[in-house]
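Secondary and tertiary structure notes
Chain by chain, the residues run as shown.
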Amino acid sequence: KRFLCLTDGSDSSKDLGIRVYPNRELNTLTIEDRGIGMNKEDLIQNLGRIAESGTKRFMENMGKNKDAVSLIGQFGVGFYSGFLVANKMEVITKGSKGEQYKWVALADSLDQYTIEADNSEP
């Protein structure tokens, strides 16, 4: 976002930040940032990478043994390390141009994810 602010002349870089909110009652950890967000294509390209990467082919070649812990990090997909502590990950994002989306993946099916339009409040 900072790069975009510098190149497009806007002054929204002052709003940058990352916040972390633990919730013991719901057993969740929310990480919120004020970055540029992602559109649907960005979600597919950046978070859906495991479904398009060598990791999926590697898992298929191994057969039914989908030991995700031993695969995380093997192919440079650091985002997926969140599944070391979570059974489910959700990303709600809104790019600067377009609608808001929710990306969801489950630890027991890392080769699948869903993306749907989302109307929740940030």
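Up top you'll find the structure we're talking about.
Figured I'd write up the structure that's included with this text. (Residues numbered from 1 in each chain as written. Predicted model: local features only at pLDDT ≥ 70, side-chain atom pairs only at ≥ 80, totals over all residues. Heavy atoms only, no water.)

Let's talk about the overall build of the chain
This is how it is decided: We count a stretch as a helix when DSSP gives it H or I for four or more residues in a row; a strand needs E for two or more, and each element gets its number in order from the N terminus. Only protein chains enter the accessibility calculation, which uses a 1.4 Å probe. A residue is then buried if its area is under 20% of the maximum for its type, exposed if over 50%, and partly exposed in between. All accessibility values rest on the Shrake-Rupley procedure with a 1.4 Å probe; residue burial counts only the protein chains present in the view.
A count of helices and strands for the chain gives five helices and five strands. Helices and strands in the chain line up, N terminus first, as α-β-β-α-α-α-α-β-β-β. Looking at the chain as a whole, 26% of its 122 residues are labelled buried. With the model as given, the accessible surface of the chain reaches about 8900 Å², and the carbon-plus-sulfur share is 49%.

What about the side chain of Gln100?
Heads up, the condition is: A contact between two residues is defined here by any heavy atoms of the two lying within 4.5 Å.
Along the polypeptide, Gln100 turns up in strand S4 (residues 100-106). Residue Gln100 is classed as buried on the basis of its relative accessible area, which comes to 13%. In contact with Gln100, not counting residues within four places along its chain, are Ile92, Thr93, Lys94, Glu116, Ala117, Asp118, Asn119 and Ser120.

Quick word on the sheet that holds strand S5 (residues 114-117)
Defined as follows: Strand pairing is assigned whenever DSSP detects at least two bridges linking the two strands. Here, axes are lines fitted to C-alpha atoms. For helices the fit covers the stretch in contact, and angles between N-to-C directions go from 0 to 180 degrees.
Read across the open sheet, the three strands follow the order S3-S4-S5; overall the sheet is antiparallel. Looking at strand neighbours, the two that pair on one side only are strand S3 (88-94) and S5, the edges of this open sheet. Within this sheet the neighbouring strands show an average axis-to-axis angle of 20 degrees, counted without direction.

Considering unusual backbone geometry
With phi around 55 degrees, Asn27 is a residue other than glycine that occupies positive phi space. With respect to the secondary-structure elements, Asn27 resides in the loop between strand S1 (18-23) and strand S2 (28-33). The class for Asn27 is exposed, based on a relative accessible area of 72%.

Some words on the pattern of salt bridges
Quick reminder of the rule: Salt bridges are identified by distance alone: a Lys or Arg side-chain nitrogen within 4 Å of an Asp or Glu carboxyl oxygen.
With the rule as written, the count across this model stands at one salt bridge. Lys88 is paired through a salt bridge with Glu90; the nearest N and O atoms lie 3.1 Å apart. Here Glu90 falls in the partly exposed class, since its relative accessible area comes to 42%.

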